Amino acid sequence: MKATVYVTIKENVLDPQGTAVQGALHTMGFAEVGKVRIGKYLEVELNTNDRAEAEARLKEMCEKLLANTVVEDYRFELEG
Amino acid sequence: MKFAVIVFPGSNCDIDCYKAVEDTIGQPVDYVWHTATDLSAYDAILVPGGFSYGDYLRCGAIARFANVMSEVKKAAEQGKFILGICNGFQILTEAGLLPGALIRNTGLKFRCHQTQLEVVNNGTAFTNQYSQGEIINIPIAHGEGNYFCDDATLAELKANNQILFRYAGDTNPNGSVENIAGISNVGGNVVGMMPHPERAIDQLLGSEDGKRMFTSILNAWREQNGAAVNS
């Protein structure tokens, strides 16, 4: 089974990279651009067919390592 | 008093820390590899700067799961002195030994220069040789030194006098909350800071204001263990 994990910076935490990219897009003439937030995208292959187990284990992985929950949020999708 | 300098793959301030202990206070010091499983012989543990595990995922995120870190946690619980500098600070926050997190500098640039720090709390084992409010000159070298914590944590830091250093005046180089440059845990025995005192131990290096962090630690240890001890 394959998991796709998204790690994003919490709404109340400044994202300097996103702000810089937003500024660059404005400079390039993309005036319609509002806020830009940059995050991480991870593909994780799991050797299990048990969906409930996979979800529980992924949550643990996210809380312990993949995200720093002081400054980041996470969500994941499972397929297969 | 015996010091350990923890070495991870990618640490690059380990030698500076080791030499700083030798040169400033002349105490025994060992390099301890990240696979070590026993730190009971040491009274103080330095977690040096660098780019442990290439800063992969997040700075310090992978180092915190190294074998030696459970020993560092144990030492912290025993009240031993633990100082994390730069990447060491990032590792200690990732490990949950210090509150908050270090995120990307607001200016996005890696900043490498001298900074003026205000000593906000000189009543700790790490700062007792400074005067309260003294401005000291200590260099920084980081791209992710922007200290962040939520409002509740910030209120606690203030209430418990856990803020040890701030960037003085309007010189904040990274956007950190309330100009924070270094903090301690509630117990006061675990400290993390982005600036590098181990790089400021000789005028030839631009400043010797970092020396007194090491003499502070030795002083605190001697007070704990009887002033006459000369080891």
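Rules used in this analysis
Residues numbered from 1 in each chain as written. Chains lettered and ligands numbered in written order. Predicted model: local features only at pLDDT ≥ 70, side-chain atom pairs only at ≥ 80, totals over all residues. Helix = DSSP H or I, 4+ residues; strand = E, 2+ residues; numbered from the N terminus. Rg over C-alpha atoms; globule rule 2.2 N^0.38 Å. Contact = placed C-beta atoms within 7 Å. Buried ≥ 20, exposed ≤ 12 C-beta atoms within 10 Å, placed from the backbone. Pairing = 2+ DSSP bridges. Axes fitted to C-alpha atoms, helices over the stretch in contact; angles between N-to-C directions. Expected span 1.5 Å × (residues − 1). Core = buried A, V, L, I, M, F, W, Y, C linked by C-beta atoms within 7 Å. pLDDT = per-residue confidence, 0-100.

Peer 1: Which parts of the structure should I look at to understand the overall build of chain B?
Peer 2: Along its length, chain B carries 5 helices and 11 strands. Against the compact-globule benchmark of 17 Å for 231 residues, chain B has a radius of gyration of 16 Å, which places it among compact chains. Considering only contacts within chain B whose residues lie at least 6 apart along the sequence, 76% involve residues at least 24 apart.

Peer 1: It is not clear to me how the overall build of chain A should be interpreted in this structure. Could you clarify?
Peer 2: Each helix and strand counted, chain A has 2 helices and 3 strands in total. Traced from its N-terminal end to its C-terminal end, chain A shows the element sequence β-α-β-α-β. Over its C-alpha trace chain A gives a radius of gyration of 16 Å, far above what one expects of a compact globule, namely 12 Å for 80 residues. Taking all 80 residues of chain A together, the buried fraction comes to 15%. When contacts within chain A are restricted to residue pairs at least 6 apart in sequence, long-range pairs at least 24 apart make up 68% of them.

Peer 1: Please clarify how the environment of Ile6 of chain B should be interpreted in this entry.
Peer 2: All names here are of chain B. Counting through the fold element by element, Ile6 comes out in strand 1 (residues 3-7). Residues Ile6 and Gly84, 78 residues apart in the sequence, show an inter-C-alpha distance of 9.9 Å. For Ile6, the contacting residues outside a window of four places in its chain are Val32, His34, Ile45, Leu46, Val47, Pro48 and Val68.

Peer 1: How should the sheet that holds strand 9 (residues 163-167) of chain B be read in this particular structure?
Peer 2: Strand pairs in the sheet, formed through backbone hydrogen bonds, run parallel or antiparallel to each other. Residues and elements named next belong to chain B. Read across the open sheet, the 9 strands follow the order 2-1-3-4-11-10-9-6-7; overall the sheet is mixed. A single partner strand is all that each edge strand has here, and the edge strands are strand 2 (29-33) and strand 7 (135-142). Taken pair by pair, the neighbouring strands of this sheet meet at an average axis angle of 25°, ignoring direction. One ladder, built from 3 bridges, connects strand 1 with strand 3 (residues 44-47); its direction is parallel. Looking at the pairing, Ala4 lines up with Ile45 of strand 3.

Peer 1: Looking at this structure, I do not really get the sheet that holds strand 1 (residues 2-9) of chain A. What am I missing?
Peer 2: Residues and elements named next belong to chain A. The antiparallel open sheet is built from 3 strands, whose spatial order is 2-1-3. The strands lining the two open edges of the sheet, one partner per strand, are strand 2 (40-45) and strand 3 (72-79). Neighbour-to-neighbour, the strand axes of the sheet open up by a mean angle of 20°, direction not taken into account. One ladder, built from 8 bridges, connects strand 1 with strand 3; its direction is antiparallel. Along strand 3, the bridge assignment pairs Thr8 with Asp73. Contacts from helix 2 (residues 51-66) reach strand 1, strand 2 and strand 3, with the element oriented near 155° to strand 3.

Peer 1: Could you clarify how one ought to interpret the environment of Phe81 of chain B in this entry?
Peer 2: Residue and element names in this part refer to chain B. Position of Phe81 among the secondary structure elements: in strand 4 (residues 81-85). In this structure Phe81 comes out as buried when scored by C-beta crowding, with 26 C-beta atoms within 10 Å. C-alpha of Phe81 to C-alpha of Ala125: the two residues are 44 residues apart in sequence and 7.9 Å apart in space. Setting aside residues up to four positions removed in sequence, Phe81 forms contacts with Asp43, Ala44, Ala125, Asn189, Ile217 and Trp221.

Peer 1: Just checking my understanding: could you explain helix 5 (residues 211-224) of chain B for this structure?
Peer 2: Each full turn of the α-helix corresponds to 3.6 residues, which orients residues three or four apart in the same direction. Residues and elements named next belong to chain B. For helix 5, built from 14 residues, the straight-helix expectation of 20 Å at 1.5 Å per residue is met to within 8% by its first-to-last C-alpha distance of 20 Å. Looking at the packing, one finds that the buried side of helix 5 touches helix 1 (14-25), strand 3 and strand 4. At the exit of helix 5 stands Gly226, carrying a positive phi of roughly 90°.

Peer 1: Is there a simple way to think about the nonpolar core in this case?
Peer 2: Residues and elements named next belong to chain B. If you look at the biggest cluster of nonpolar residues, it comprises 79 residues, and the most contacted ones within it are Ala4, Val5, Ile6, Ile45, Leu46, Ile82 and Ile217. Element by element, the count of residues in this core is highest for helix 5, at 6 residues. Beyond its immediate sequence surroundings of up to four residues, Ile45 is in contact with Ala4, Ile6, Leu39, Val72, Ala75, Lys80 and Ile82.

Peer 1: Sorry if this is basic, but what is going on with unusual backbone geometry here?
Peer 2: In terms of backbone geometry, most residues other than glycine have negative phi values and most peptide bonds are trans. Residues and elements named next belong to chain B. Phi is positive for Leu57, which is not a glycine, with a value near 70°. Along the polypeptide, Leu57 turns up in the loop between strand 3 and helix 2 (67-77). Look at Leu57 and you get partly exposed, because 17 C-beta atoms sit within 10 Å. Here the phi dihedral of Cys86 falls at roughly 60°; this positive angle occurs in a residue that is not glycine. Residue placement: Cys86 occurs in the loop between strand 4 and helix 3 (87-94).

Peer 1: I tried to follow helix 1 (residues 16-27) of chain A on my own but got confused; where do I start?
Peer 2: With 12 residues, helix 1 of chain A extends 17 Å from end C-alpha to end C-alpha; this agrees with the ideal 16 Å at 1.5 Å per step. At the exit of helix 1 of chain A stands Gly29 of chain A, carrying a positive phi of roughly 100°.

Peer 1: So what exactly am I meant to see when it comes to the confidence of the model for chain B here?
Peer 2: Low pLDDT marks regions whose predicted coordinates should not be analysed in detail. Summing up the model confidence of chain B, the mean pLDDT is 96 and the portion of residues at 70 or higher is 98%. For this predicted complex, the interface score ipTM comes out at 0.87, while the overall pTM is 0.94.

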